[in-house]
Every structure is written in C-alpha cells, then in structure tokens.
Amino acid sequence: MCTSNAKLSKAMDQVLEDGMQIVKWLFLTGVDLIALRIFRWSEDSQLEKKLTDSTSGETHDWTNIPAPRVIKTPDDYELQNPVRSVSPEILTEKEVRNTLMAWVRHKLHYKNELARKMEIKEIIPSIIFYYVLDTFIEQRALKFSCQQSPILGAALPPNKKLKAWEVQCFPVKYFQDETKYFHMPNSDKKGMCISCYGRGLVLCATCWGSGEITCQKASSSERGGMLSQCPVCTANNTTDCERCAAIGHIQCLRCGGMGKVWYFTNLKVEYVTQRRDKLIAEEDFPTSILQKDHGMVIYDRTSELVTPISTCTEEEVNLASQLLVQESHFSWPDSRILQQKHTLTAIPVNKVLFTWEDLSGRFWIYGTKRQIYFKNYPLKKSWWP
C-alpha cells in the first residue's frame, strides 16, 4: 500500500514538473494561451488570400450606414401626360385560321388538319398590362481594415475626417449595377498588429511551434525483414520542419514581420437596381410565356421620384402602381433613391374557343406579332410513314 502511494506521489510530482516546464517555456517565449489561439487563427489558409486585397471580406464584415434623410417631392408628369388609351385587337375567323396554319407550318411534326377543319366557337379579345418599376438606389457601408504600408495619395480635404455619405461618388450610368471602394480620408493610423501582438512572428501551423514534424520515411522494410535507418531522422520518427526552418515560428503575414500595421476605414459604395413588376391578365392565361417586347409601351417615365399611375382605364393597373411606388419608399431604409423609372406595356390577346370532331379546346393568339400558345396540340405526324 505504501509502495503504491509512493509511486502515485512520484507520478504526480513528475506531472507538475512537466507542467511547470511548459508554463516556463510559454513565459520565456512570450506566448500565452490566448496568443496561441490567435496565432493559430492567423495561420489559417485563407489569411494570405484575404491579405492580397484590402477590400475583401465577408458580407457581415461591412456595417451599413443609413443614408441621410432627404425630402423629395414626386413630379406631376402623370397628370399632364396621362396613360395612352388602347383598345383590344379583334381578330376575324379568317385571321385566326391563317395565323394558326402559319404556326403549324413552322412545326416539324404538326399536321394542319385541325387548323383547316376546326369550328371556331368564340373569339375573346382582351389586353394584358405589364407594369414595371425600377428603383436605382445607392448603399454605403464601412469596414475596419489594415495593410502593411501607409495609404498612398493625398487625403482631400486635408486634416478633416469625412462621414460615409460625405465622400463624393457618382455612378457611371444610371440603372447599371456597380460597386466602388474607397479609403476614407484621414482615417489611417499606425498601430500594433493584432495577429502577432506586435512580435512580428506567429506560430508555425505545420509543427505547432515545436520545430519538428513526424518523418514520413522513418523506416522501410527490406529483404529478410530487416529495417533500414532513415537518413533524415535517423529512425527517431521526427525531422526538422521545413516551413519554419525548425524555429517554430514564421513571419506574420499581416504585418510582414514588422509588428505594426496601418489601420484605416474602408468605404464600399454599391449602386443597385431594384425591380418590382406586376402582370394583370386573366387567370387562365400562361403569363410565364410573356415578354416585354410582345406588346407596345403606352406609358414610360423616368424621374428622381415617380408619381404612381392613376389615369389607366384598367383600375387594377392604377392600384398596382400605387402599391409598388409606395413600397419603394420604405423597402430600402438604409439606402438613397437616385432615380426611378416605370413603364406600362399593353399586350393584345385573343382567346379562341373551338371544336373539332369530338374535341373541344382553346388556344391564344397574343402579342403584336401574333404568336400562338397552344398546349398539347392534338395532331402530330407519325415518325414512320
């Protein structure tokens, strides 16, 4: 029993002695546990890539700066230039049949028997309205960044710090998305590198500061089961770390070994076009096939702040315009509206109801070029004669 206690006490003393040696080594090298964690982070494989561009960073690294409130008054253009009235295009039975036959001729495997012999029961003309509102906005965000060398170029105006929205910046073209980056004037300041705590060195991520790594050529089997010694590590299974030259530390990538970096505030200016649209059509019409060029523009206005449409003969268009324009004033509270434009397109549509033999169906002729939408056309040519 006494012998066991003595062995346990001796083991405990050895553990304490080893622990003290580790603490002593950390103290002598000037490394603490928090620093170890930071050193490990600083040696992340992505750090070198990020340091190549001072403007890089994830989305959450940027802090959006709300735009100053400016009261704008919409113009009265819509009242002076009301929406142009438009009437549905009414097709005759002959025009419907000829249009369908021309469509069938362009289909490789369709027969024109239905187009020639169908009985047209009804032609229902209507108009589809496509309303589009584009809002061109400006967004600004700040990020705290650093680099090894001081910021080049003169800061204008000198000795004065500007706010994010005081920096002059203009888009190349309205309704064209783009992003620009700036160093905020007079925001640069030299300070200690946060990656290496001003030491200029960080732990080597390959050997974790030991200067040694496991040798991959420690031993090899030969004839007769004999083992040959490794000429690199002499069979003790470790070899010098090539990355840090067995020192255990490497130069800090962030400060380049200087221990200090230049901190500055980075400004990002984004110009974005936000689109909202509304299609007013019959419920059974396949709106997914429509495009803007299928109709004619009956209203088009570009202004710093547009007025909702209120003079369209289709009341649903007026309601949609009013709703979307009002939403645009509050949808991006941190942004500044630079310009808006909205258009209204009228697309003529004729819905055709027909019968042929024991089949009853419908198809649509739509657009200014009289395009056809006929789902599951019943007559198709056989692949074999």
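Scroll up for the structure.
Residues numbered from 1 in each chain as written. Predicted model: local features only at pLDDT ≥ 70, side-chain atom pairs only at ≥ 80, totals over all residues. Heavy atoms only, no water.

### Here's the deal with the side chain of lysine 351
Phase 1 of the analysis: You can see lysine 351 is positioned in strand S13 (residues 336-356).
Phase 2 of the analysis: Assessed through its relative accessible area of 14%, lysine 351 is described here as buried.
Phase 3 of the analysis: Leaving out residues up to four positions away in the same chain, lysine 351 has contacts with Glu122, Ile123, Ile124, Glu282, Asp284, Arg362, Phe363 and Trp364. (Helix = DSSP H or I, 4+ residues; strand = E, 2+ residues; numbered from the N terminus. Buried < 20%, exposed > 50% of the residue type's maximum accessible area, 1.4 Å probe, protein only. Contact = heavy atoms within 4.5 Å.)

### Quick look at the pattern of salt bridges
Oppositely charged side chains are able to pair whenever their charged atoms sit close together.
Phase 1 of the analysis: Enumeration over the complete set of coordinates arrives at seven salt bridges.
Phase 2 of the analysis: A salt bridge links arginine 370 to glutamate 89, with the shortest nitrogen-to-oxygen separation between them at 2.9 Å. With arginine 370 in the loop between strand S14 (359-366) and strand S15 (371-373) and glutamate 89 in the loop between helix H4 (77-80) and helix H5 (93-105), the pair connects residues that are 281 residues apart, well separated along the chain.
Phase 3 of the analysis: Its relative accessible area of 29% is what places arginine 370 among the partly exposed residues.
Phase 4 of the analysis: The partly exposed category is assigned to glutamate 89, whose relative accessible area is 29%.
Phase 5 of the analysis: One salt bridge in this structure joins arginine 370 and glutamate 95, with 3.8 Å as the shortest N-O distance. (Salt bridge = Lys/Arg side-chain N within 4 Å of Asp/Glu carboxyl O.)

### What about the pairing of S13?
Phase 1 of the analysis: Of all 21 residues in S13, 18 are buried; the element is thus mostly enclosed.
Phase 2 of the analysis: Bridging between strand S2 (residues 119-147) and S13 involves 19 bridges; their strand directions are antiparallel. Directly across from glutamate 122, in S13, lies its bridge partner leucine 353.
Phase 3 of the analysis: As judged from the seven bridges shared by strand S12 (residues 296-303) and S13, these two strands associate in the antiparallel manner. Bridge pairing links serine 303 to glutamine 340 in S13.
Phase 4 of the analysis: The pairing of S13 with S14 spans eight bridges and is antiparallel. (Pairing = 2+ DSSP bridges.)

### Details of helix H7 (residues 315-328)
Phase 1 of the analysis: Between the first and last C-alpha of H7 there are 20 Å, a value that for 14 residues agrees with the 20 Å anticipated at 1.5 Å per step.
Phase 2 of the analysis: Taken together, the buried positions of H7 are Val317, Asn318, Ala320, Ser321, Leu324, Val325 and Ser328. Seen along its axis, H7 keeps its buried residues to an arc of 165°; they face one direction. (Expected span 1.5 Å × (residues − 1). Arc of directions from axis to C-beta.)

### A few points about the packing of aromatic side chains
Phase 1 of the analysis: Summed over the entire model, instances satisfying the criterion amount to 17 aromatic pairs.
Phase 2 of the analysis: Aromatic side chains tryptophan 103 and tyrosine 110 sit 5.6 Å apart centroid to centroid with 65° between the ring planes, which places their arrangement in the edge-to-face category.
Phase 3 of the analysis: Residue tyrosine 110 is classed as buried on the basis of its relative accessible area of 18%.
Phase 4 of the analysis: Judged by centre distance (5.8 Å) and plane angle (85°), the rings of phenylalanine 285 and tryptophan 364 are edge-to-face. Of the two residues, phenylalanine 285 is situated in the loop between strand S11 (260-280) and S12 and tryptophan 364 in strand S14; the sequence distance between them amounts to 79 residues.
Phase 5 of the analysis: What makes tryptophan 364 buried here is its relative accessible area of 5%. (Phe/Tyr/Trp six-rings, centres within 6.5 Å; stacked < 30°, edge-to-face > 60°.)

### Topic: the nonpolar core
Phase 1 of the analysis: Core analysis: the largest hydrophobic core is formed by 19 residues, its most contacted members being Val96, Leu100, Trp103, Leu114, Met118, Phe363 and Phe374.
Phase 2 of the analysis: Where this core is concerned, the elements lending two or more residues are H5, helix H6 (113-117), S13 and S14.
Phase 3 of the analysis: When residues in this core are grouped by element, the largest group, five residues, is from H5.
Phase 4 of the analysis: When sequence neighbours within four positions are dropped, the list of residues in contact with valine 96 reads Leu91, Met118, Ile120, Ile123, Val352, Phe363 and Ile365. (Core = buried A, V, L, I, M, F, W, Y, C linked by side-chain atoms within 4.5 Å.)

### Let's talk about unusual backbone geometry
Phase 1 of the analysis: The backbone of asparagine 186 sits at a positive phi, close to 60°, despite the residue not being glycine.
Phase 2 of the analysis: Tracing the sequence through the fold places asparagine 186 in the loop between strand S3 (178-183) and strand S4 (189-192).
Phase 3 of the analysis: Accessibility expressed as a relative area gives 22% for asparagine 186, which makes it partly exposed.
Phase 4 of the analysis: Unlike most non-glycine residues, alanine 245 shows phi in positive territory, near 55°.
Phase 5 of the analysis: Topologically, alanine 245 is positioned in the loop between strand S9 (238-240) and strand S10 (249-251).

### Structural notes on the state of the cysteines
Phase 1 of the analysis: Inspection of every chain in the model, using the stated rule, returns zero disulfides.
Phase 2 of the analysis: Not engaged in a disulfide, the cysteine cysteine 193 finds its nearest cysteine sulfur in cysteine 252; these two sulfurs lie 3.8 Å apart.
Phase 3 of the analysis: With relative accessibility at 0%, the residue cysteine 193 sits in the buried group.
Phase 4 of the analysis: Here cysteine 196 is not disulfide-linked; the sulfur of cysteine 255 is the nearest cysteine sulfur, at 3.7 Å. (Disulfide = S-S within 2.5 Å.)

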